[in-house]
Amino acid sequence: MAKKKPTIKRKKAKRKVKRAKRLATTVPIEDGALPWLTVVGAKQNNLRNVTVELPLGRFVCVTGVSGSGKSSLVNDIIREVLARDLNGATKIRPGKHERIDGIEHLDKVIDIDQSAIGRTPRSNPATYIKVFDEIRTLYTKLPDAKVRGYKPGRFSFNVKTGKPGGGRCEACEGNGSHKIEMDFLADIWSPCPVCEGRRFSHETLQILFKGKSITDVLRMDVQEALEHFESVPKIAGMLRTLHDVGLDYLKLGQSSTTLSGGEAQRIKLARELVKRPTGRTLYILDEPTTGLHFADIKRLLSVLHGFVDAGNTVLVIEHNLDVVKTADWVIDLGPEGGSGGGRIVATGTPEKIAKSKRSFTGQSLREVLSVGPKDRGSQKTITPATRNGRSKTREKDRITVVGARQHNLKDISVEVPRGKTTVCSGPSGSGKSSFAIDTVYAEGQRRYVESLSSYARQFLGRLQPPKVDHVYGLSPSICIEQKNTSKSPRSTVGTVTEIYDYMRVLWARVGQPHCPKCKIPIGTQTADEIVERIMANGTSSRLMLLAPVSTTGQESYAHLFERERANGYARVRVDGAVLSLGEPIKIDAKRRHTVELVVDRVVVKASQRARIAESVEQSLAVGRGVMIAAPVEVEGSAEEIRFSQHRSCESCGKGFDELTPHHFSFNTRVGWCESCDGLGVQQGASPAAIITRPTRSIVGGAVAAWGTLGKSAKLYALADALARHIGFDVLTPWRDLSETQQLAFLQGCGEDWIEVAPAGRGRKSSAAGSMAGMQFKWRGFFPAIDRATRTSWQYRKRLENLVTEVPCERCRGSRLQPAAVATRVGGKTIHEVCTMPLGETLVWFESIKLDARRRKIAGELLHEIVSRTRFLVDVGLDYVSLHRTAATLSGGEAQRIQLASQIGSGLTGVLYVLDEPTIGLHPRDNGRLIRALRHLRDLGNTL
């Protein structure tokens, strides 16, 4: 005989929180008239072969203590089975159970959780509920959009420009901002400098609905959008769902990554409200009130009860009593968690559950349903003092050492105040270091190592405990001694203080790349930037917009011309000459030719901007990111401008990779100079050994091996030609030459060919006449000596007095790759700043001028750089440069630099042990050091 189903009356009486107004009647449903969903034989996890009945078309809450089996029942069994049988989901594995009856009364199941609605900045509320699709369609129906032939993809920031037909800003790919990874700092989203955060191209933004562009719509909040689109019923109806769930304040284009869990959940509810209700849907929510304010819970309940009023079923796993007491039916599992749970404790209305003595949920509901707001507000407040009977004792403010016997210490016990500066003094050998370093610091290090995992400890080894009975109140310990901590030749003042690490990120993120050879800025250009440059070319200018093309594979030029004529192009420029594709073109097929399609011929005027923009987009698409703007009147002249969307030099055409902070590191293969492996020096001849008499000219005896040269000597003719090539007079004294001219003479002129002047030109010389027209390459003294010492031990022996460490021939001592060295911030390269004295470096960083976008990116980086550099200057190291090798520092310098790195780290509650920090310091520097130590103490540390 079938079990008789209980009668469920939907009543509101005696519920302190009113339910949302129901559309359905509250007339009791007679036995058998209510459809039920029955789970038979549930055995998943700790469920003990239970059978559960859920009334459909009602608001059902599943309650119970943690671990009682709620998620196993709802998520693992009910949701998975219905997703498979109703939604057609695959690759799911429902929990253990016998069967579920009553599925025929449902048509689908929807799981609504608090997970994010999207993982990228592109996702937003408007796209999620599909209202943005309707808005884009509306914009395509506007007269201006119809004239231009714009499709819905034109108003999407997810569709590329060009052939796909998108109208987004390609500089930021429709994001409106650039994500700038700051390595060890938090990432920064910087507004796109091209579209200024509008996400779309200039032409797309010219299409207006009621005076608002598509970007203006995305910047509206829900309430503003409702008023703006009130005349469009479909859009207004979809926006009203966001209003109904209490999200009037959200912007339509607000990034999904900035939404809270509760906001994301309500947006999902709004998406369901947009859909036409079937009255046979089961909505599942797992603790939907997590993290929600009481006002948000009220909104949530209103929407959920609205689903029920439409005939649907809402199944909620919840602990919040404000939700449970408004339910139509409660299923309480338990009574305990784990092995003590998995049973049905009680089922029924909240009032019935409150009467159950076995149900912990019922005990809580009993109090909530019987106690009003005033009674609850008068409950006694429990404070820590009343809970414990007494206030907590203050933490110990001292470090206590008991029974120290390390080395010559005689079982001493000492108390050191925390957060203060304590001096440990005494004659040599009295045990100062034994106490401070070998006992206190060693015990702190040992405890830190012992706190690590066994896997980490195997690499550090076991530290022997010092001879001491007890050390109480010990903080994490750091010892700063007067010795160079790094023996690496690559370690510099900048890397030790971490200033250089911040500079690497700064130069990589806000630096302007330059071509190392041409010394001109390089970078990519978007279609909008190209249009702006063309419009700035001057009004009434007549330009040809050209797209470079080339043959593919074995294709001939004749086939190329025929193909482009078939594509609708009328003219082509071949080797600077404009020809018509409608007539036969005769060219030498055996030679390589420069072919450029004439995409359009335009007159630069404000009224023609839309046409110019479309032609630019087409030129870039045909030219694969490259196009040329050439004057019509002076075809093929040097006045034409070449634009590229690739990172390349406009002069020499060389391409460059995008630079990252690793490219500015001389400790990695990515960044270091390949010639010196990031050391900045190589074995070579000393300039002083080659130029022995700097007051003389190179032909007058300045060069040791040359001596004084007569005008009739062939070497004189070569030296004269070399001097003219470098840019100085052969009779100019060496000391009067610029640094660049001296380096070119010593290190060579690369692959340049130098021609000897004929007789009668310049100073007359018989040797020059006999060598007229001869060409040679000048390799320089340094490379020649370096090559000789490497290839022959005889030369190595003969030249050993000349060989020493000299600046690297390739990187000139910068240690980096050419592309990184050429990048500039504020007009200076990273190497130029690193070689400046710290006093000048501090002034330069404090006065650096950046635009608003770069200033936002550089804000935290500049703060760290300036604060650390100022400390080094304050302790008397203003004469040191960041490029200086750490191995060349004195003990006092090394210690103060270590202090700078510690203050820059901003640690508090640390025990710092310093071993005679004033050794080797001038009295002026002692005062500076004391101020630095006081600052370290004021951060909350113990010295």
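Values in this document were obtained by computation on a predicted structure and should not be read as measured data.

1. What to know about the overall build of the chain
In terms of helices and strands, the chain carries 33 helices and 28 strands. Looking at the 943 residues of the chain, the share that counts as buried comes to 47%. Contacts in the chain between residues at least 24 apart in sequence constitute 67% of all its contacts with a sequence separation of at least 6. Counting only carbon and sulfur atoms, one obtains 49% of the accessible surface of the chain, whose full area is about 47800 Å².

2. Some points on the pairing of strand β18 (residues 577-580)
Both strand β17 (residues 571-574) and β18 contribute to a ladder of 4 bridges, which runs antiparallel. Among the inter-strand pairings, R573 is bridged to a residue of β18, identified as V578. From the end of β17 to the start of β18, which pair antiparallel, there are 2 residues, and D575 there has a positive phi angle of about 50 degrees.

3. A look at the pattern of salt bridges
All chains considered together, the criterion is met by 30 salt bridges. Across the pair D113 and K268 runs a salt bridge, and its minimum N-O distance is 2.5 Å. Taken together, the residues span a long stretch of sequence, with D113 in the loop between β5 (108-111) and α2 (125-128) and K268 in helix α8 (residues 261-274) at a distance of 155 residues. Of the residues examined, D113 reaches a relative accessible area of 30% and is grouped as partly exposed. Through salt bridges with shared partners, one network takes in R79, E80 and D111.

4. Notes on helix α24 (residues 739-747)
For α24, every residue scored as buried is listed here: Q741, A744, F745, L746 and Q747. Just past α24, the residue G748 takes up positive phi, approximately 100 degrees.

5. Digging into the side chain of T823
With respect to the element layout, T823 can be found in the loop between α28 (818-822) and β26 (824-825). Setting aside chain neighbours within four positions, we find T823 in contact with W507, G511, Q512, P513, H514, L659, F664, K828, T829 and I830.

6. Regarding unusual backbone geometry
Between G334 and the following residue, P335, the backbone shows a cis peptide bond with an omega angle of 0 degrees. Examined against the element boundaries, P335 turns out to sit in the loop between β10 (329-334) and β11 (343-348). The backbone phi angle of H407 is positive, close to 55 degrees, even though this residue is not glycine. Checked against the element boundaries, H407 lands in the loop between β12 (398-404) and β13 (412-417).

7. Quick notes on the sheet that holds strand β19 (residues 595-603)
The strands making up a sheet are joined through hydrogen bonds of the backbone, oriented either antiparallel or parallel. Pairing is antiparallel in the open sheet, where 6 strands are placed in the order β18-β17-β19-β16-β20-β21. Both outer strands of the open sheet, β18 and β21 (641-644), are each paired with one neighbouring strand and no more. Strand-to-strand twist of the sheet, defined as the mean angle between neighbouring strand axes without regard to direction, takes the value 35 degrees. For strand β16 (residues 542-549) and strand β20 (residues 626-631), the ladder comprises 4 bridges, and the chain directions are antiparallel. Bridge pairing links M544 to A630 in β20. Where helix α21 (residues 609-622) meets the sheet, it contacts β16, β19 and β20, and its direction lies at approximately 175 degrees from that of β19.

8. A closer look at the sheet that holds strand β14 (residues 470-472)
In spatial order, the strands read β13-β12-β14; together these 3 strands make up an open sheet with antiparallel pairing. Each edge of the open sheet is held by one strand with a lone partner, namely β13 and β14. For this sheet, the mean inter-axis angle between neighbouring strands, taken without regard to orientation, is 5 degrees. Relative to β14, β12 runs antiparallel, the two being bridged by 3 bridges. In the strand pairing of β14, T400 is matched with Y472. Sheet strands in contact with helix α15 (residues 432-450) are β12, β13 and β14, and its direction is about 110 degrees off that of β12.

9. Regarding the packing of aromatic side chains
Using the criterion set out here, one finds 17 aromatic pairs in the structure. Ring centres of F132 and F157 lie 5.8 Å apart, and the angle between their planes is 25 degrees; on these two criteria the pair is classed as stacked. A residue pair is termed long-range when its members are at least 10 positions apart, and F132 in helix α3 (residues 131-140) and F157 in the loop between α4 (143-148) and β6 (177-180) qualify at 25 residues. F132 sits in the buried class, given a relative accessible area of 3%. These aromatic residues form a ring-pair network of at least three members: Y139, Y150, F155, F209 and F229. Its guanidinium or amino end placed over the ring of F157, R199 lies 3.9 Å from that ring's centre, counting from NZ or CZ. When the ring centre of F666 is taken as reference, the NZ or CZ atom of R815 above it lies at 4.9 Å.

10. Focus on the side chain of T400
With respect to the secondary-structure elements, T400 resides in strand β12. Those residues in contact with T400, other than ones at most four positions away along the chain, are V414, E415, H470, V471 and Y472.

11. Thoughts on α15
For α15, spanning 19 residues, the distance from its first C-alpha to its last is 26 Å, which sits close to the expected 27 Å at 1.5 Å a residue. Its maximal kink placed at A442, α15 deviates by approximately 30 degrees. What α15 keeps buried is the set S434, F435, I437, T439, V440, Y441, E443, G444, R446 and V449. Of the surrounding secondary structure, the elements contacted by the buried residues of α15 are β12, β13, α16 (454-460), β14, β15 (477-480) and β28 (911-914).

12. Re the nonpolar core
Nonpolar side chains in soluble globular proteins tend to be buried together. If you look at the biggest cluster of nonpolar residues, it comprises 66 residues, and the most contacted ones within it are F59, I135 and F229. Here this core takes 7 residues from helix α9 (residues 294-309), the largest share from any one element. In this structure, F59 is in contact with L301, L304, H305, V308, V314, V316, V323, T326, A327, D328 and W329, ignoring residues within four places of it in sequence. Residues V510, I865, V866 and L877 belong to the second largest nonpolar core, which totals 58 residues.

13. A closer look at the packing of α8 against α9
Here α8 crosses α9 at 25 degrees, and the two axes come no closer than 11 Å. By the angle between their directions, the pair α8 and α9 is classed as roughly parallel. Read as a crossing pair, α8 and α9 show a hand that is left-handed. The segment α8 lies against α9, with Q265, R266, L269, E272 and L273 engaging D296, L300, V303, L304 and F307. By residue class, the composition of the contact of α8 with α9 is 6 nonpolar, 1 polar and 3 charged.

14. Let's talk about a nonpolar patch on the surface
Together, Y455, F459 and L460 give the surface a local cluster of nonpolar side chains, amounting to about 390 Å² of exposed area. Here F459 shows up in helix α16.

15. Here's the deal with the pairing of strand β9 (residues 313-317)
Of all 5 residues making up β9, 5 are buried, and the element is well covered by its neighbours. In β9, alternate side chains face the same way, and those of T313, L315 and I317 on one face and V314 and V316 on the other are all buried. Across 4 bridges, the pairing between strand β3 (residues 59-63) and β9 is parallel. In the strand pairing of β9, F59 is matched with V314. Across 5 bridges, the pairing between strand β8 (residues 281-286) and β9 is parallel. If you follow D286 over to β9, its bridge partner there is I317.

16. Examining the packing of helix α7 (residues 233-244) against α8
Between α7 and α8, the least distance of the axes is 8 Å, while the angle of their chain directions is 140 degrees. With respect to each other, α7 and α8 are oriented oblique. The handedness of the crossing between α7 and α8 comes out as right-handed. Here M238, T241 and L242 of α7 come into contact with α8, specifically with I267, A270, L273 and V274. By residue class, the composition of the contact of α7 with α8 is 6 nonpolar, 1 polar and no charged.

17. A few points about the environment of P476
Position of P476 relative to the elements: it lies in the loop between β14 and β15. The class for P476 is exposed, based on a relative accessible area of 55%. Spatially, the C-alpha atom of P476 lies 8.6 Å from that of R447, the residues being 29 residues apart in sequence. Residues within four places of P476 in sequence aside, it is in contact with G909, V910 and L911.

18. Let's talk about the confidence of the model for the chain
Per-chain confidence: the chain averages 80 in pLDDT, with 86% of residues scoring 70 or above. Looking at the elements of the chain, mean pLDDT is at its lowest for helix α14 (residues 384-388), recorded as 35, and at its highest for β3, recorded as 94. Within the model, the stretch residues 10-31 combines pLDDT values under 50 with 53 contacts to residues more than four positions away or in other chains. Below a pLDDT of 50 lies the segment residues 760-764, which in the model reaches 5 contacts outside its immediate sequence neighbourhood of four places, other chains included.

What counts and how
Residues numbered from 1 in each chain as written. Predicted model: local features only at pLDDT ≥ 70, side-chain atom pairs only at ≥ 80, totals over all residues. Heavy atoms only, no water. Helix = DSSP H or I, 4+ residues; strand = E, 2+ residues; numbered from the N terminus. Buried < 20%, exposed > 50% of the residue type's maximum accessible area, 1.4 Å probe, protein only. Contact = heavy atoms within 4.5 Å. Areas by Shrake-Rupley, 256 points an atom, 1.4 Å probe, with all protein chains shown as cover. Pairing = 2+ DSSP bridges. Salt bridge = Lys/Arg side-chain N within 4 Å of Asp/Glu carboxyl O. Axes fitted to C-alpha atoms, helices over the stretch in contact; angles between N-to-C directions. Phe/Tyr/Trp six-rings, centres within 6.5 Å; stacked < 30°, edge-to-face > 60°. Lys NZ or Arg CZ within 6 Å of the ring centre and 35° of its normal. Expected span 1.5 Å × (residues − 1). Bend = angle between axes of the 7 residues up to and from the residue. Core = buried A, V, L, I, M, F, W, Y, C linked by side-chain atoms within 4.5 Å. Parallel < 35°, antiparallel > 145°, perpendicular 65-115°, else oblique. Left-handed = near helix turned anticlockwise from the far one by under 90°. Nonpolar A, V, L, I, M, F, W, Y, C, P; charged D, E, K, R; others polar. Patch = residues over 30% accessible without salt bridge, like charges linked within 9 Å, V, L, I, M, F, W, Y side chains within 5 Å. pLDDT = per-residue confidence, 0-100.

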